[in-house]
Structures are given as C-alpha cells and as structure tokens.
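Commentary on secondary and tertiary structure
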Amino acid sequence: QVQLVESGGGLVQAGGSLRLSCAASGLTFSSYHMGWFRQGPEKEREFVAAIRQSGSNSYYANSVKGRFTISRDNAKNTVYLQMNSLKPEDTAVYYCAAAIHFRANYYYDKNSYAYWGQGTQVTVSS
C-alpha cells in the first residue's frame with residue numbers, strides 16, 4: 001500500500017532553520033504532485049507548498065514565500081521542505097501529501113490530495 005513518512009521535525013528557536021523530508025513508497029513517485037500542509041492547535045489544516053511531478057513548477061502560501069523552499073528527488077522518492085527564518089506562528093504539525101493531478105490547478109486544496117503522511121511536529125520557540 002501507499003505510505004508517506006515525514007521526518008525532520010523538532011524544536012527550534014525563532015530565526016532558525018529545519019529541513020523536513022517525506023519518503024514515499026507503494027506508488028510511482030514521479031507520477032504524483034507533492035504538497036506540504038500544516039495544522040496548528042485548534043486550526044484548520046492549511047496549504048504550505050506544492051511541487052509538480054517533474055519539479056517544473058512550485059507553489060507557496062503567501063505566509064511562507066521567501067522563507068520556505070519545496071524540492072523533490074524522484075530518484076530517492078523523497079520530497080523536502082527547507083524552512084528558514086522560522087517564526088513562532090510556524091509551529092504546527094506538518095503533513096506531506098500526494099496528488100495524481102491538480103484539476104484547475106487546485107494545488108492549494110487539501111481535497112486534491114489522495115494520500116497523506118502521519119505528520120511531524122515543528123515547534124518554534126520565541
């Protein structure tokens with residue numbers, strides 16, 4: 001079956017950096033768009049970043065533009081999220097997800113994604 005496993009979360013001071021990884025198995029990785037979402041306490045799960053199958057295009061939420069970078073290595077079946085200049089408001093559980101296509105380019109819509117990882121906690125201290 002399909003499995004997405006996130007890693008790299010932890011506790012970091014404001015202004016610091018973390019790199020999240022998501023390793024995929026049970027699917028043809030290069031056939032899927034990949035995304036990152038996050039969910040803070042008592043908040044709705046929200047879009048963070050997405051990247052198309054070949055890595056030809058990437059997309060970001062306004063709140064993370066200029067600070068976060070999404071990338072993928074199809075040879076390793078892995079998608080990454082490099083997070084720099086972290087802020088306390090970035091504190092959340094971060095989830096990776098896989099989508100076979102983006103109808104009407106709805107990369108920001110969680111309903112576009114068929115598979116989800118279990119999440120990894122990121123905590124940014126003041």
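Our subject is the structure that appears above.
The present account deals with the structure reproduced in this document. (Residues numbered from 1 in each chain as written. Predicted model: local features only at pLDDT ≥ 70, side-chain atom pairs only at ≥ 80, totals over all residues. Heavy atoms only, no water.)

1. Side note on the environment of asparagine 111
Looking at the element boundaries, asparagine 111 is found in the loop between strand 9 (92–99) and strand 10 (115–116). Asparagine 111 gets classed as exposed once you look at its relative accessible area, which sits at 65%. (Helix = DSSP H or I, 4+ residues; strand = E, 2+ residues; numbered from the N terminus. Buried < 20%, exposed > 50% of the residue type's maximum accessible area, 1.4 Å probe, protein only.)

2. Some thoughts on the pairing of strand 4 (residues 33–39)
Counted residue by residue, strand 4 has six buried out of seven residues, so it is predominantly covered. Judged from the seven bridges that link them, strand 4 and strand 9 form a sheet pairing that is antiparallel. Looking across to strand 9, one finds that histidine 33 is bridged to alanine 99. In this structure, strand 4 lies alongside strand 5 (residues 46–51), joined through five bridges in antiparallel fashion. In the sheet register, glycine 35 faces strand 5, and the bridge partner there is alanine 50. (Pairing = 2+ DSSP bridges.)

3. Description of the pairing of strand 8 (residues 78–83)
Burial runs high along strand 8: five of the six residues are buried. For strand 3 (residues 18–25) and strand 8, the ladder comprises six bridges, and the chain directions are antiparallel. Pairing of leucine 20 across the sheet is with leucine 81, part of strand 8. In the sheet, strand 7 (residues 68–73) pairs with strand 8 via six bridges, with the strands oriented antiparallel. Along strand 8, the bridge assignment pairs serine 71 with tyrosine 80. What sits between strand 7 and strand 8 in their antiparallel hairpin is a turn of four residues, with asparagine 77 showing a positive phi close to 55°.

4. Describing the nonpolar core
The biggest cluster of nonpolar side chains holds 36 residues, and the ones touching the most others in it are Met34, Trp36, Leu81, Met83 and Tyr94. Where this core is concerned, the elements lending two or more residues are strand 3, strand 4, strand 5, strand 7, strand 8, strand 9 and strand 11 (120–125). The leading source of residues in this core is strand 9, at six residues. (Core = buried A, V, L, I, M, F, W, Y, C linked by side-chain atoms within 4.5 Å.)

5. Considering unusual backbone geometry
Glycine aside, negative phi is the norm for most residues, and most peptide bonds take the trans geometry. One non-glycine residue, glutamate 42, lies in the positive phi region at around 60°. Tracing the sequence through the fold places glutamate 42 in the loop between strand 4 and strand 5. For glutamate 42, a relative accessible area of 88% puts it in the exposed group. Positive phi, close to 50°, is recorded for serine 85, a residue that is not glycine.

6. Considering the packing of aromatic side chains
In this structure the tally under the stated criterion is eleven aromatic pairs. Seen in terms of ring centroids, phenylalanine 102 and tyrosine 107 are 6.3 Å apart; in terms of plane orientation they differ by 70°. Their pairing is edge-to-face. Taking relative accessible area as the criterion, phenylalanine 102 reaches 7% and is therefore assigned buried. Both rings, one in tyrosine 106 and one in tyrosine 108, keep their centres 5.3 Å apart while their planes meet at 40°; by these two values the pair is tilted. With a relative accessible area of 42%, tyrosine 108 lands in the partly exposed category. Of the aromatic side chains, those joined through ring pairs into one cluster are Phe37, Phe47, Tyr59, Phe102, Tyr106, Tyr107, Tyr108, Tyr113 and Trp116. Over the ring of tryptophan 116 we find arginine 45; its NZ or CZ atom is 5.1 Å from the centre of that ring. Across from the ring centre of phenylalanine 29, 4.4 Å away, lies the NZ or CZ of arginine 72, which sits over that ring. (Phe/Tyr/Trp six-rings, centres within 6.5 Å; stacked < 30°, edge-to-face > 60°. Lys NZ or Arg CZ within 6 Å of the ring centre and 35° of its normal.)

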